[in-house]
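An overview of the molecular structure
The lines below spell out each chain.
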Amino acid sequence: MTFFKELDEQNGDIFATVKIVFPKQIHEVLGGEYSNFYYYLLQASFMKDFRQKEVKSKDNSKHGWNVKQDFDVIYKMIDKEKLKIKSRSDFDMFIRILITPFIIVITDTFLQMKHESDIPKIDIEEKKQEYLHKLEFIEYGFSK
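Residues numbered from 1 in each chain as written. Predicted model: local features only at pLDDT ≥ 70, side-chain atom pairs only at ≥ 80, totals over all residues. Heavy atoms only, no water.

The next subject is the packing of helix 5 (residues 88-112) against helix 6 (residues 124-142). Viewed as axis vectors pointing N to C, helix 5 and helix 6 meet at an angle of 160°, and their least axial separation amounts to 10 Å. Taken together, the axes of helix 5 and helix 6 lie roughly antiparallel to each other. In terms of crossing hand, the pair formed by helix 5 and helix 6 is right-handed. Of helix 6, the residues touching helix 5 (which contributes Phe94, Ile97, Leu98, Pro101, Phe102, Ile104, Val105 and Thr109) are Lys127, Glu130, Tyr131, Lys134, Leu135, Ile138 and Phe142. Among the residues making up the contact of helix 5 with helix 6, the classes are represented as eleven nonpolar, one polar and three charged. (Axes fitted to C-alpha atoms, helices over the stretch in contact; angles between N-to-C directions. Helix = DSSP H or I, 4+ residues; strand = E, 2+ residues; numbered from the N terminus. Parallel < 35°, antiparallel > 145°, perpendicular 65-115°, else oblique. Left-handed = near helix turned anticlockwise from the far one by under 90°. Contact = heavy atoms within 4.5 Å. Nonpolar A, V, L, I, M, F, W, Y, C, P; charged D, E, K, R; others polar.)

The structure is reproduced here in structure tokens:
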């Protein structure tokens, strides 16, 4: 299920949405079929800053996350009445703060590993709980 579909099903409740979507993503990144790919991608990003380069396909079209467009969609969909957000710039900062625990859990997990062979040893449920615990602090600070 996509983030936007889940957000719609949760009636714009951003916290209910990320509590469902992000733990699934943690499972996918740390224990899914392509966890080795994510491990090497993260390792490469720390060895060389390739993030500044555009990724183009054979037909020369760009790929990637259109952050502004996705933020616009989320901004329209969320129930702002439940949040302590006064402006669009507050919202942009809120979303960046909201995704930070997810990024930290993934990054810290992979950086603590010595080798790709450590991937099967990851306690994914522990990582999901770590993420949800961090999310609680954000929810406490931003919810009305």
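From this point on, the discussion continues.
What follows is about the nonpolar core. The biggest cluster of nonpolar side chains holds 34 residues, and the ones touching the most others in it are Ile14, Phe15, Phe94, Leu98 and Phe110. Looking at this core, the elements with two or more residues in it are helix 1 (3-9), helix 2 (14-31), helix 3 (35-47), helix 4 (67-77), helix 5 and helix 6. Per-element tally for this core: the top contributor is helix 5, with nine residues. Filtering out sequence-adjacent residues up to four positions away, Phe15 remains in contact with Leu83, Phe94, Leu98, Leu135, Ile138, Glu139, Phe142 and Ser143. (Core = buried A, V, L, I, M, F, W, Y, C linked by side-chain atoms within 4.5 Å. Buried < 20%, exposed > 50% of the residue type's maximum accessible area, 1.4 Å probe, protein only.)

Turning our attention to helix 2. Here helix 2 contains 18 residues, and its C-alpha end-to-end distance of 25 Å stays within 8% of the 26 Å for a straight helix at 1.5 Å per residue. Buried within helix 2 we find Ile14, Phe15, Ala16, Thr17, Val18, Val21, Phe22, Pro23, Ile26, Val29 and Leu30. The N-cap residue of helix 2 is Asp13: its side-chain oxygen and the backbone nitrogen of Phe15 are 3.1 Å apart. (Expected span 1.5 Å × (residues − 1). Polar contact = N/O pair within 3.5 Å; in protein donor to acceptor, adjacent residues only side chain to side chain.)

Where charged atoms from two side chains of opposite charge come close, those side chains can pair. Applying the stated rule across the entire model yields seven salt bridges. When the shortest N-O distance is used, the salt bridge between Lys19 and Glu139 registers 2.7 Å. Taken together, the residues Lys19 in helix 2 and Glu139 in helix 6 connect sequence positions 120 residues apart. Residue classification places Lys19 among the partly exposed residues on the basis of a relative accessible area of 36%. Lys128 is paired through a salt bridge with Glu125; the nearest N and O atoms lie 3.2 Å apart. (Salt bridge = Lys/Arg side-chain N within 4 Å of Asp/Glu carboxyl O.)

Moving on: the packing of aromatic side chains. What the rule picks out here adds up to ten aromatic pairs. The interplanar angle of 35° and the centroid separation of 5.0 Å between the aromatic rings of Phe22 and Phe102 together place this pair among those described as tilted. In this pair, Phe22 sits in helix 2 while Phe102 sits in helix 5, placing the two residues 80 residues apart along the sequence. Each member of the pair Phe22 and Phe102 is classed as buried. The rings of Phe3, Phe4, Phe22, Phe102 and Tyr131 are connected pair by pair, giving a single aromatic cluster. Positioned over the ring face of Tyr75 is Lys80, at 4.6 Å from the centre of the ring. Here the basic side chain of Arg88 rests over the ring of Tyr75, its NZ or CZ set 4.9 Å away from the ring centre. (Phe/Tyr/Trp six-rings, centres within 6.5 Å; stacked < 30°, edge-to-face > 60°. Lys NZ or Arg CZ within 6 Å of the ring centre and 35° of its normal.)

We now examine the packing of helix 2 against helix 6. Direction vectors running N to C along helix 2 and helix 6 enclose 150°, while the axes themselves pass 10 Å from each other. Judged on the interaxial angle alone, helix 6 and helix 2 are roughly antiparallel. Of the two possible hands of crossing, helix 2 and helix 6 adopt the one that is right-handed. Contacts from Phe15, Val18, Lys19, Phe22, Pro23, Ile26, His27, Leu30 and Gly31 of helix 2 reach helix 6 at Ile124, Lys127, Lys128, Tyr131, Leu132, Leu135, Ile138, Glu139 and Phe142. Residue classes in the contact of helix 2 with helix 6 are distributed as twelve nonpolar, two polar and four charged.

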